[in-house]
Amino acid sequence: MGWLEGVSVVLALSLFVATVALLEVWHISGQSRGDPDLSHGLQIRRWFMATIALANGARLVCSLLAEIYAYTCGLMQENMKEMVFVVLRVCPSLLYFTMYSLLTVYFAQLSYTVKGLPFFHVRNSWFITNLLLYAIVLLNFVLVSSAEYIYLSIFVAYALNLIVVVWFSASVFSYFPNTASGNIQRIFKRLLPLVVVCVTGLAFTGLNYILL
C-alpha cells in the first residue's frame, strides 16, 4: 500500500467511525427526549460515543492539515517545523485518551457498585486527570517546546490509565460467580470485548509514544 493509499484509508476510516458515533449520540439523545432522568448507563454511553466522534473527527482534520502543511512547505521550498507535526499528532491522542478514560470510569463505577460503595469521586478524578494532561501538554508547547516531554507526558498518562482499567476490570470480573447464569454470561460477553479493545488501544498508543 502506497503513501497516498495509506492516508486515504486513515481519512476514510476516521470519517466513517466519527459518523457512526454521531448517529449513535443522536439516537441516544432521541431516547432521552421528554425523559430528564436519563439512566446513568445511557449517559455514560452517550458521552463515550461523543468522545469517539470527537477523537476520530480530530484525527480526520489533523491528518488533512498535516498533508496540506507538508504540501505547502514543499511548494514554497521551506523546511517543515517539527512542533507543527507534534501538535497535529498529539491533539487527536488527547481526545482518544479522554475516550479511553471514560471506559476506565465506567469500569471503576461498576467495581464500586458491586461492592456497594459510592463512586461520585470517580467522575471528579476523571475530570482532574484529563484537565492535568491537557494542561501539561499545553504548558510543554508554550514554555518548553520539547516534543520529547510531550510524548513522555502522553505515554505516562496512557500507561497509568492502562494499569487502572486492568485493575478495575479484574475487580469487576472477580465478583462473577464460577457457575454463571445466562444473564451473567451475557454481561461477561459484553464487558470482555470492551476490556480487550481498551487495553489494546492504550497499550499500542502508549508504546507508540515511548518509541517516538
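Residues numbered from 1 in each chain as written. Predicted model: local features only at pLDDT ≥ 70, side-chain atom pairs only at ≥ 80, totals over all residues. Heavy atoms only, no water.

### Some details on the overall build of the protein
Stage number 1. A count of helices and strands for the protein gives six helices and zero strands.
Stage number 2. Its helices and strands taken in sequence order, the protein reads α-α-α-α-α-α from the N to the C terminus.
Stage number 3. Sorting the 212 residues of the protein into buried and exposed places 35% on the buried side.
Stage number 4. The long-range share in the protein, meaning contacts at least 24 apart out of those at least 6 apart in sequence, stands at 72%. (Helix = DSSP H or I, 4+ residues; strand = E, 2+ residues; numbered from the N terminus. Buried < 20%, exposed > 50% of the residue type's maximum accessible area, 1.4 Å probe, protein only. Contact = heavy atoms within 4.5 Å.)

### Description of the confidence of the model for the protein
Stage number 1. With 83% of its residues at a pLDDT of at least 70, the protein reaches an overall mean of 77.
Stage number 2. Ranking the elements of the protein by mean pLDDT puts helix α1 (residues 3-31) last with 73 and helix α5 (residues 147-173) first with 86. (pLDDT = per-residue confidence, 0-100.)

### Quick word on the nonpolar core
Stage number 1. In this structure, Val90 and Val137 are the most contacted members of the largest nonpolar core, which totals 38 residues.
Stage number 2. Counting only elements with at least two residues in this core, the list comes to α1, α2 (40-76), α3 (82-114), α4 (120-144), α5 and α6 (182-211).
Stage number 3. At twelve residues, α3 tops the list of elements feeding residues into this core.
Stage number 4. The residues contacting valine 137, other than those within four sequence positions of it, are Val90, Leu94, Ile150 and Ile154. (Core = buried A, V, L, I, M, F, W, Y, C linked by side-chain atoms within 4.5 Å.)

### Points about the packing of aromatic side chains
Stage number 1. Taken as a whole, this structure holds four aromatic pairs when the rule is applied.
Stage number 2. With a centroid separation of 5.6 Å and 65 degrees between ring planes, the pair formed by tyrosine 106 and phenylalanine 107 is classed as edge-to-face.
Stage number 3. Under the relative-accessibility criterion, tyrosine 106 is labelled partly exposed at 26%.
Stage number 4. Seen from their ring centres, tyrosine 151 and tyrosine 209 are 5.5 Å apart, and the 50 degrees between their planes marks the pair as tilted. Within this pair, whereas tyrosine 151 is found in helix α5, its partner tyrosine 209 is found in helix α6, the two being separated by 58 residues in sequence.
Stage number 5. A network of ring pairs unites the aromatic residues Phe97, Tyr100 and Tyr158 as a single cluster. (Phe/Tyr/Trp six-rings, centres within 6.5 Å; stacked < 30°, edge-to-face > 60°.)

### Section: the environment of leucine 138
Stage number 1. Its location among the elements puts leucine 138 in helix α4.
Stage number 2. In this structure, the C-alpha to C-alpha distance between leucine 138 and isoleucine 150, residues twelve residues apart in sequence, is 8.8 Å.

### Describing the side chain of threonine 104
Stage number 1. Mapped onto the fold, threonine 104 is located in helix α3.
Stage number 2. On the basis of relative accessible area, threonine 104 is assigned to the buried category, the value being 8%.
Stage number 3. In contact with threonine 104, other than residues within four places in its own chain, are Asn161, Val164 and Val165.

### Some remarks on a nonpolar patch on the surface
Stage number 1. On the surface, Leu152, Val156, Leu160, Ile163, Leu207, Ile210 and Leu211 cluster together into a nonpolar patch covering about 680 Å² of accessible area.
Stage number 2. Contributions of two or more residues to the nonpolar patch are made by α5 and α6.
Stage number 3. A total of four residues in the nonpolar patch trace back to one element, the largest contributor, which is α5.
Stage number 4. Mapped onto the elements of the fold, isoleucine 163 is located in helix α5.
Stage number 5. With a relative accessible area of 57%, isoleucine 163 lands in the exposed category. (Patch = residues over 30% accessible without salt bridge, like charges linked within 9 Å, V, L, I, M, F, W, Y side chains within 5 Å. Areas by Shrake-Rupley, 256 points an atom, 1.4 Å probe, with all protein chains shown as cover. Salt bridge = Lys/Arg side-chain N within 4 Å of Asp/Glu carboxyl O.)

### Overview of the environment of alanine 203
Stage number 1. Along the chain, alanine 203 turns up in helix α6.
Stage number 2. Residue classification places alanine 203 among the partly exposed positions, given a relative accessible area of 33%.
Stage number 3. Residues alanine 203 and phenylalanine 155, 48 residues apart in the sequence, show an inter-C-alpha distance of 9.5 Å.

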